[in-house]
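Below are the chains, spelled out letter by letter.
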Amino acid sequence: YHYHNEKIVQSKGYSTDVFFAAAQRFIAEQANKRKPFFAYIATTAPHKPWICPPEYAALYPDESKSAAAFYGMLTNIDDNVGRLRAQLEELGVADNTIFIFTTDNGSVGPKKFNAGMRGGKISPYDGGHRVPFALHWPQGGHSKHTRVKELTHMTDVLPTLLELCNVSPAMQVPLDGRSFKKLLSGKGDPTFDWENRIVISDSQRIQHPKK
């Protein structure tokens, strides 16, 4: 069961597949009407309980049951992202669609690869809060690999999208983040002291934070 427009509806299939299928239907409807669209797809995977379609777990026969399920969840996400990217091409909107792939925190699964970083989810070390972030927008000049080394944060995404789309906020409210549009060129941004930037995050979710 899933919520659809604030109503509980019965759905069939694996949750990640259901979410992407709904998003692709919406994108197709908008693209066929030549209307702009915004799709935010937040999957529940990979997260405990580690459960995936049997055919995906079967791809990792040498792993434990739980690890195979975790890797299967990741592979299922990869496949869905691939289908979504292919759909954008088929609809003829891929070049002028800002496509972002990112995650919300460090790994919760088997630590076979963590990019050399220490820690995982909820850890204060790099492995706990550094995440992949990829942006692709050919028509906007962002189609080649560029590494941004400056410290950026998820709160920077909104002001960055606003600037990329040349859109002014509907209300004059202070934003926690700042646009990193200039950083996407790979040549830095002299208008802000990124080198000395400090970002503080709290994930304790309790009324009185503990030391």
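Check the entry above for the structure.
Residues numbered from 1 in each chain as written. Predicted model: local features only at pLDDT ≥ 70, side-chain atom pairs only at ≥ 80, totals over all residues. Heavy atoms only, no water.

Quick rundown of helix H3 (residues 65–91)? Include the residues and the values.
It helps to recall that an α-helix has 3.6 residues per turn; residues three or four apart then point in one direction. The terminal C-alpha atoms of H3, which comprises 27 residues, lie 39 Å apart, in line with the 39 Å expected from a rise of 1.5 Å per residue. Two residues or fewer after H3 comes Gly92, characterised by a positive phi angle close to 75°. (Helix = DSSP H or I, 4+ residues; strand = E, 2+ residues; numbered from the N terminus. Expected span 1.5 Å × (residues − 1).)

For a nonpolar patch on the surface, give the residues involved together with the corresponding values.
A contiguous nonpolar surface patch, about 380 Å² in accessible area, is contributed by Leu158, Met171, Val173 and Leu175. On the secondary structure map, Met171 appears in the segment after helix H5 (157–164). Given a relative accessible area of 59%, Met171 falls into the exposed group. (Patch = residues over 30% accessible without salt bridge, like charges linked within 9 Å, V, L, I, M, F, W, Y side chains within 5 Å. Areas by Shrake-Rupley, 256 points an atom, 1.4 Å probe, with all protein chains shown as cover. Salt bridge = Lys/Arg side-chain N within 4 Å of Asp/Glu carboxyl O. Buried < 20%, exposed > 50% of the residue type's maximum accessible area, 1.4 Å probe, protein only.)

Which residues make up the pattern of salt bridges, and what values go with them?
For the structure on display, the rule yields four salt bridges. The salt bridge involving Lys112 is made with Glu63; its shortest N-O contact spans 2.6 Å. Note that Lys112 is positioned in the loop between strand E3 (99–102) and helix H4 (126–129) and Glu63 in the loop between helix H2 (54–57) and H3, a separation of 49 residues in sequence. When its relative accessible area of 61% is taken as the criterion, Lys112 is described as exposed. With a relative accessible area of 25%, Glu63 lands in the partly exposed category.

Please set out the layout of surface pockets residue by residue, giving values where relevant.
Roughly 450 Å³ of volume is contained in the second largest pocket. In terms of lining, the second largest pocket is formed by 19 residues, of which the most central are His4, Val18, Phe19, Ala22 and Ala23. Mapped by element, the contributors of at least two residues to the lining of the second largest pocket are strand E1 (2–4) and helix H1 (15–32). Per-element tally for the lining of the second largest pocket: the top contributor is H1, with eight residues. Among the residues making up the lining of the second largest pocket, the classes are represented as 13 nonpolar, four polar and two charged. (1 Å grid on protein atoms, 1.4 Å probe; cavity = no way out; pocket = protein on both sides within 12 Å on 5 of 7 lines; lining within 4 Å. Points joined across faces, edges and corners; volume = space filled by probe spheres on them. Nonpolar A, V, L, I, M, F, W, Y, C, P; charged D, E, K, R; others polar.)

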